[in-house]
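# Notes for the structure review
Here's the letter readout for the chains.
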Amino acid sequence: MGGFVIGDWGRRMVGQRWTVKALAMALLLVGCASPTQNERNGSATPDPTATDLTADNISVGANTGSKPTETAAGLPMTVAANSDAPVDSSVQPVTVLEGLEHPWGMAWLPDGTLLITERPGRVRRVRDGVLEPEPLAGVAPVLAERQGGLLDIALHPQFEDNRWVYLAYAHGTAEANRLRVARAKLGDQGFTDWTVIFEANRDKPQGQHFGSRLLWLPDGTLLVAVGDGGNPPLRLDGELIRHQAQNRQSHLGAIVRIKDDGTIPDDNPFVGDTDADPAIWSYGHRNIQALALDAATGQVWSTEHGSRGGDELNRLQAGENYGWPLVTYSEEYSGGPISEAVSRPGLVDPILYWTPAIAPSGLAVYRGDRYPQGQGQLFAGGLVAQSVLRLALDDQGQLVGEARIPIGQRVRDVRQGPDGLIYVLTDDPNGRLVRLEPSPEPQ
Ligand SMILES: [Ca+2]
């Protein structure tokens, strides 16, 4: 049966928005497609039944030979990923439990107990594989409005000592609301000491684009992704609200970095810059619902929703501008361009983009040994794709292999569990927890 296969580089360029950069990339890719396949399979036609490819073969995909893979600035060139990549039959999704109402985020306690948020405003607990019927007590009211509600969850790095759990949620009214982050102490019956430690510094109307993914960095600070506020015709400060993403005074469309008590670290990139809010760590984002740390390298990765198409995978660095809405591969939902260019000096290009959209949510950088070739690969959830997209990147961040793991429901979160397997939450009125198990070896 087919394993984790390298995508078809020529096909991925079809139907994309042509730019000088993309056209040059396409010509190079088409030019190298046959030799690449020849190297991989020993024939001009890829073998769709090939079993697991070796690590050596994975590396053959795109980054060998004379094909340039860097921009003049030494950064990897953006490539179009395949929203409908070949199915990865080396893993199989197994439903662990169901009956979750729009689950959003999950976190394992040191004893293996799993906490899962449900967007309407509940935290559920799974002990010994059993979903407790009653939600945990002590959760503050949330604004459960469209995309808003109780969203991500993360444990303090020293949870065993202090029992702090961090929760991101929408607060306010349908007319004026903000993303909040609170921490609360977890006891056997639920939460106490609920304390708001962060609130986005702009009100926004309606229930779109809260972002809200949480990620602890190795230095014990916390990243919080804040959405740009929403789509046209929503406005703020006399312009479309999406332009907040380029306003370094506004948390909308930014990632902020805070200490565990909500105060601002002295080494944030814009501390001392009178034109910027000191909480901001990176900006120019549309709506990030996936943040992941590579535990081996410390690199932070994110996926980000585009508008119509143009969903992005980004490799994040402090202080950088990721371009929204000045540059984007996406278009207005109503049709027509959002930006005149897909790239500009001073703005960081995505590693790759997906058109049509996968609507990314949830991301894990795999560090374990339970999947063939899985080490260091990215597993990216897609709401619209109803799949997990599995991506192999080389050391330069070039895409060298991709595959799709169909889940059959909208994928909201993707995490590596303590057993080394990937777990998935589905966004559904009867949402599921799904485990990706290695397929049995063919006999
Ligand atoms: Ca971008």
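Residues numbered from 1 in each chain as written. Predicted model: local features only at pLDDT ≥ 70, side-chain atom pairs only at ≥ 80, totals over all residues.

## What to know about the overall build of the chain
When helices and strands are counted, the chain shows 4 helices and 27 strands. When burial is assessed residue by residue, the chain has 48% of its 443 residues classed as buried. (Helix = DSSP H or I, 4+ residues; strand = E, 2+ residues; numbered from the N terminus. Buried ≥ 20, exposed ≤ 12 C-beta atoms within 10 Å, placed from the backbone.)

## Describing the sheet that holds strand E22 (residues 378–382)
Sheet strands line up and pair through hydrogen bonds in the backbone, either parallel or antiparallel. Spatially, the 4 strands line up as an open sheet ordered E21-E22-E23-E24, and their pairing is antiparallel. Single-partner strands in this sheet number two, and they are strand E21 (360–365) and strand E24 (399–406). Sheet twist, expressed as the mean angle between neighbouring strand axes with direction ignored, is 20°. In the sheet, E21 pairs with E22 via 4 bridges, with the strands oriented antiparallel. Note that in E22 the partner of Pro360 across the bridge is Gly382. (Pairing = 2+ DSSP bridges. Axes fitted to C-alpha atoms, helices over the stretch in contact; angles between N-to-C directions.)

## A look at the nonpolar core
Residues Val224, Ala380 and Val424 are the most contacted members of the largest nonpolar core, which totals 104 residues. Looking at which element gives the most residues to this core, the answer is strand E8 (residues 164–172), with 7 residues. Those residues within four positions of Val424 in sequence are excluded, and the remaining contacts are Gly381, Val388, Ile407, Val411, Asp413, Val414, Val434 and Leu436. (Core = buried A, V, L, I, M, F, W, Y, C linked by C-beta atoms within 7 Å. Contact = placed C-beta atoms within 7 Å.)

## Brief notes about unusual backbone geometry
Following Pro232, the chain continues into Pro233 via a peptide bond in cis, with omega recorded as 10°. Positionally, Pro233 belongs in the loop between strand E12 (222–226) and strand E13 (235–236). Of note in the backbone geometry, Gln373 takes a positive phi value of approximately 60° without being a glycine. Structurally, Gln373 can be placed in the loop between E21 and E22.

## Description of the environment of Gln206
When you line up the elements, Gln206 lands in the loop between strand E10 (191–199) and strand E11 (211–216). Its 18 C-beta neighbours within 10 Å are what place Gln206 among the partly exposed residues. Apart from the residues lying within four places of it in its own chain, the contact partners of Gln206 are Ala174, Gly230 and Leu234.

## Things to note about the sheet that holds strand E2 (residues 91–100)
Spatial ordering of the open sheet is given by E2-E27-E26-E25, a layout of 4 strands whose pairing is antiparallel. Since the sheet does not close on itself, it has two edges, and those belong to E2 and strand E25 (411–416), each with one partner. Sheet twist, expressed as the mean angle between neighbouring strand axes with direction ignored, is 20°. The sheet contact formed by strand E26 (residues 422–426) and strand E27 (residues 431–438) spans 4 bridges and is antiparallel. Paired with Ile422 across the bridge in E27 is Leu436.

## Thoughts on the environment of Val424
For Val424, the position within the fold is in strand E26. Distance in space between the C-alpha atoms of Val424 and Val96 is 9.8 Å, their sequence separation being 328 residues.

## Digging into the pairing of strand E15 (residues 254–258)
Taken across its 5 residues, E15 has 4 buried, putting it largely inside the fold. Where E15 and strand E16 (residues 280–283) come together, 3 bridges link them in antiparallel fashion. Considered in E16, the bridge of Ala254 is made with Tyr283.

## Some words on the environment of Pro120
In this fold, Pro120 is placed in the loop between strand E4 (114–118) and strand E5 (122–127). On a C-alpha basis, the gap between Pro120 and Leu150 in space is 6.2 Å, while along the polypeptide they are 30 residues apart.

## Some thoughts on the confidence of the model for the chain
Taken as a whole, the chain shows an average pLDDT of 87; of its residues, 83% reach a score of 70 or greater. This model gives residues 6–68 a pLDDT under 50, and the stretch forms 86 contacts once residues within four places in sequence are excluded. (pLDDT = per-residue confidence, 0-100.)

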